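Listed below, chain by chain, are the residues.
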Amino acid sequence: MGIDVGASGIKGGIVDTTTGEMLTERLKVATPMPATPMAMARAFKELVNMHQWKDGLIGVGFPSIVINGIALSAANIDAQWIGTNIEKIFGDFTGCPVVAVNDADAAGIAEIQFGVGKGEGGTVILITIGSGLGSAVFTDGHLVRNTEFGHFILKGKVAEHYASDKVRQEEKLSWDEWGERFNSYLLHLNRLISPNLIILGGGTSKKFAKFSQKITLDVPIKVANYRNKAGAIGAAIYASQEMGKRNASAEAQVIE
Ligand code: BGC
């Protein structure tokens, strides 16, 4: 099962990790406010139960830096998450093995392996546009985990406080006004990393036609194939690959 934990919703379904296809409807429960570990674990369990998923592996795309299953930042969730083991808390609540990965990295994995990024060489960067701005960077198909390109400083602010979809809604910006901000964001990103291709993901990528006229960047841009399903699909793919590696390393230790 793949689950995308977001600042506003926890969404997921059963995924065929060999084809990247979601086999069930993508169901959603609202992210509780405040988004504390306990409250989120309860909502997470509810989603798992809605799918009647028992004992099986769950991949979680989580909106923070994730190292060894532990959340190391909390930009759009409760600060109690910092230092919390995501895999343990969600695993304990559901009774299922859980593998966690940054949510934008998860979306990138789905797009690189089965979506619009498939076969793309060079530097490919996926940006998710939602409550925050998430990033996933691939070089010749290899993921550089935990990049936080929503957090560089742009116009004196953390970039996602200037150009996320949440800011567009909160400041009631028109698509043209917000499009100009997002264009400044992409121009700066290009100065930092010179990508060969940019993929736009997250809910707002569906509305690309509303702001594409404001984008002046001379780098190819594609809209994510899986749109807002990418995070859940990529999390499931990551979990199955990562679990394979963890099992192989555990076996190697037993042989030693
Ligand atoms: C977080 C990232 C996350 C992004 C999208 C940002 O605020 O720092 O880790 O990928 O939001 O959810």
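Residues numbered from 1 in each chain as written. Predicted model: local features only at pLDDT ≥ 70, side-chain atom pairs only at ≥ 80, totals over all residues. Heavy atoms only, no water.

**Concerning the overall build of the protein**
As a reminder, the rule being used: Strands are runs of DSSP state E lasting at least two residues, helices are runs of H or I lasting at least four, and both sets are numbered from the N terminus onward. Radius of gyration: over C-alpha atoms. The globule rule applied is 2.2 Å multiplied by the number of residues raised to the 0.38 power. Relative accessibility under 20% of the residue-type maximum defines a buried residue, over 50% an exposed one, and the middle range a partly exposed one, all with a 1.4 Å probe and only protein chains included. Whether two residues touch is decided by their heavy atoms; if any such pair falls within 4.5 Å, the residues are in contact. Note that accessible areas follow from Shrake-Rupley with a 1.4 Å probe, and for residues the cover is restricted to the protein chains shown. Charge counting treats Lys and Arg as positive and Asp and Glu as negative, with His and both chain ends excluded. Where a charge lies is defined by one atom per residue type: Lys uses NZ, Arg uses CZ, Asp uses CG and Glu uses CD.
If you tally the helices and strands in the protein, you get eight helices and 16 strands. Taken over the C-alpha trace, the protein has a radius of gyration of 18 Å; the compact-globule value for 256 residues is 18 Å, and the two agree within 12%. Looking at the protein as a whole, 54% of its 256 residues qualify as buried. Nonlocal contacts in the protein, meaning residues at least 24 apart in sequence, comprise 63% of its contacts between residues at least 6 apart. Summing over all exposed atoms, the protein offers an accessible surface of approximately 11,400 Å²; the carbon and sulfur share of this is 50%. A distance of 6 Å separates the average location of the 25 positive side-chain charges in the protein from that of its 26 negative side-chain charges.

**Considerations on helix 2 (residues 86–94)**
Defined as follows: Whenever two N or O atoms come within 3.5 Å, that pair is a polar contact, provided that in protein one can donate a hydrogen and the other can accept it, and provided that, for residues adjacent in sequence, both atoms are side-chain atoms.
The set of residues buried in helix 2 consists of I86, E87, I89, F90, G91 and T94. Put simply, N85 is the residue that caps the front of helix 2, since its side-chain oxygen is 3.1 Å from the backbone nitrogen of E87. The positive-phi residue at the C-terminal boundary of helix 2 is G95, with phi of around 75°.

**Concerning helix 8 (residues 230–255)**
Stated precisely, the cut-off is as follows: By this rule the span expected of a helix is its residue count minus one, scaled by 1.5 Å.
The first and last C-alpha atoms of helix 8 sit 38 Å apart over 26 residues, in line with the 38 Å expected at 1.5 Å per residue. Those residues of helix 8 lying buried are A230, G231, A232, I233, G234, A235, A236, I237, Y238, A239, E242 and M243.

**What to know about the site of the ligand**
The cut-off we apply is this: Nearness is judged by heavy atoms alone; a residue qualifies as near a molecule or strand once a single heavy atom is within 4 Å of it. By the convention adopted, Pro, Cys, Tyr, Trp, Phe, Met, Ile, Leu, Val and Ala count as nonpolar, Lys, Arg, Asp and Glu as charged, and the other residues, Gly among them, as polar. Segment limits for the domains were obtained from an automatic or database-derived domain assignment.
For the ligand, the full set of nearby residues is P63, S64, A75, N76, N102, D103, G132, L133, G134, E148, H151 and E160. Residues of the shell around the ligand, tallied by class, amount to three nonpolar, six polar and three charged. Counting contributing residues, the shell around the ligand receives three or more from each of domain 1 (2–105 + 229–255) and domain 2 (119–224).

**Examining the domain arrangement of the protein**
Note the following rule: What gets called buried area is simply the loss in accessible area from a 1.4 Å probe that two parts show on being joined, summed for both. Counted as salt bridges are all cases of a side-chain nitrogen of Lys or Arg within 4 Å of a carboxyl oxygen of Asp or Glu.
Annotation of the protein at the domain level lists domain 1 (2–105 + 229–255) and domain 2 (119–224). Each of domain 1 and domain 2 has a C-alpha centre, and the two are 24 Å apart. Between domain 1 and domain 2, the residue contacts involve 12 residues of the former and 16 residues of the latter. Roughly 970 Å² is buried in total at the junction of domain 1 and domain 2, and carbon and sulfur atoms are behind 46% of that figure. Its largest share of buried area at the contact with domain 2, domain 1 owes to N76, A104 and D105, together 51% of the area lost on that side. The tally of links from domain 1 across to domain 2 stands at zero salt bridges. Remark: the boundary between domain 1 and domain 2 carries four residue pairs in polar contact (both at pLDDT 80 or more). Taken together, the elements giving at least two residues each to the side of domain 1 that touches domain 2 come down to strand 7 (66–67) and helix 3 (103–114). Split by residue class, the side of domain 1 that touches domain 2 holds seven nonpolar, four polar and one charged.

**What to know about the sheet that holds strand 6 (residues 58–62)**
Convention followed: We treat two strands as partners when DSSP finds at least two bridges between them. Interaxial angles span 0 to 180 degrees and are taken between N-to-C directions of axes, which are lines fitted to C-alpha atoms, for helices over the stretch in contact.
Pairing in this open sheet of five strands is mixed, and the strands run 5-2-1-6-9 from one edge to the other. Of all strands in the sheet, those with a lone pairing partner are strand 5 (27–30) and strand 9 (98–102), marking the two edges. Between one strand axis and the next, the sheet turns by 20° as a mean value, whatever way the strands run. Packed onto the sheet, helix 1 (residues 37–50) meets strand 1 (2–5), strand 2 (9–13), strand 5 and strand 6 and runs at close to 155° relative to strand 5. Packed on one face of the sheet, helix 2 meets strand 1, strand 6 and strand 9 and runs near 140° to strand 9.

**Re the sheet that holds strand 11 (residues 133–139)**
Strand order in the open sheet formed by five strands is 12-11-10-15-16, with mixed pairing between adjacent strands. Looking at the sheet topology across the chains shown, the edges are occupied by strand 12 (142–144) and strand 16 (221–223). Across the sheet, the mean angle separating the axes of adjacent strands is 25° when strand polarity is ignored. Sheet topology places strand 15 (residues 197–201) next to strand 16; three bridges connect them, and they run parallel. Along strand 16, the bridge assignment pairs L200 with V223. Strand contacts of helix 3: strand 10 (123–129), strand 11, strand 12 and strand 15, with the helix running at about 45° to strand 11, the strand carrying the most contacts. The strands touched by helix 6 (residues 175–193) are strand 10, strand 11, strand 15 and strand 16; relative to strand 10, the strand with the most contacts, the crossing angle is about 150°.

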